[in-house]
Amino acid sequence: MSEPQEVILLNGQTLACDSCGDSTFEQHHWKLQTTGMTFMNLDWANRDATCFVCATCRRIHWFHL
């Protein structure tokens, strides 16, 4: 987990929460699990998502980077 901070998007704009409008987020990386890979016991091979959790309302913003 990271300290809350502003996130600059690829287009140069600052990320703002869709729910509360705050612009400070914690950054996380989570696995995108799929049924097929779980069935074959290959969860480790699934892709990762970069997620930003709003420091105010805790809404999760998911990005596949």
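Residues numbered from 1 in each chain as written. Predicted model: local features only at pLDDT ≥ 70, side-chain atom pairs only at ≥ 80, totals over all residues. Heavy atoms only, no water.

1. A look at the confidence of the model for the protein chain
Parts of the model with low pLDDT should not have their predicted coordinates read in detail. Filter applied, for reference: Along the chain, pLDDT gives the predictor's confidence residue by residue, from 0 to 100. Secondary structure is summarised from DSSP: a helix means a run of H or I of at least four residues, a strand means a run of E of at least two, and numbering begins at the N terminus for each.
Mean pLDDT over the protein chain: 87, with 94% of residues reaching 70 or higher. Within the protein chain, no element has a lower average pLDDT than helix α1 (residues 35–39), which sits at 77, and none a higher one than strand β2 (residues 48–54), at 90.

2. Structural notes on the state of the cysteines
By definition, a disulfide links the sulfur atoms of two cysteine residues through a covalent bond. The criterion, for reference: Disulfides are defined in this document as cysteine sulfur pairs within 2.5 Å. Three labels apply to residues, based on accessible area from a 1.4 Å probe with only protein chains included: buried if under 20% of the type maximum, exposed if over 50%, partly exposed otherwise in between.
In total, this model carries 0 disulfides according to the counting rule given. The structure places no disulfide on Cys20, whose sulfur is separated from the nearest cysteine sulfur, that of Cys54, by 3.5 Å. The exposure class assigned to Cys20 is partly exposed, which follows from its relative accessible area of 39%. Of all cysteine sulfurs, the one in Cys17 lies closest to Cys57, which takes part in no disulfide; the gap is 3.6 Å. Cys57 gets classed as partly exposed once you look at its relative accessible area, which sits at 34%.

3. Quick notes on the side chain of His61
Note the following rule: Any two residues whose heavy atoms approach within 4.5 Å at even a single point are treated as in contact.
Topologically, His61 is positioned in strand β3 (residues 60–63). Here His61 falls in the buried class, since its relative accessible area comes to 7%. Here His61 is in contact with Ala16, Cys17, Asp18, Phe25, Thr50, Cys51 and Phe52, once residues within four sequence places are set aside.

4. Regarding the pairing of β2
Note the threshold: Whether two strands pair depends on DSSP finding at least two bridges between them.
Of all 7 residues that make up β2, 6 are buried, and the element is covered over most of its length. In this structure, β2 lies alongside β3, joined through 4 bridges in antiparallel fashion. In the sheet register, Thr50 faces β3, and the bridge partner there is Phe63. Hairpin remark: β2 followed by β3, antiparallel, with 5 residues in the connecting loop; positive phi at Arg58, about 75 degrees.

5. Describing the sheet that holds strand β1 (residues 25–31)
What counts, and what does not: Lines fitted to the C-alpha atoms define the axes, with helices restricted to the stretch that makes contact. Angles between their N-to-C directions range from 0 to 180 degrees.
With antiparallel pairing, the 3 strands of this open sheet are ordered in space as β1-β2-β3. Looking at strand neighbours, the two that pair on one side only are β1 and β3, the edges of this open sheet. Direction aside, neighbouring strands of the sheet carry axes that sit 25 degrees apart on average.

6. Examining the packing of aromatic side chains
The condition that has to hold: Any pair of Phe, Tyr and Trp rings, taking the six-membered ring for Trp, is counted once the centres come within 6.5 Å. Such a pair is stacked with planes under 30 degrees apart, edge-to-face with planes over 60 apart, and tilted for the rest.
Scanning the model with the defined rule gives 2 aromatic pairs in all. With centroids separated by 5.7 Å and ring planes inclined at 65 degrees, the aromatic side chains of Phe52 and Phe63 adopt a geometry described as edge-to-face. Of the two residues, Phe52 is situated in strand β2 and Phe63 in strand β3; the sequence distance between them amounts to 11 residues. Given a relative accessible area of 8%, Phe52 falls into the buried group. The class of Phe63 is partly exposed, set by a relative accessible area of 26%.

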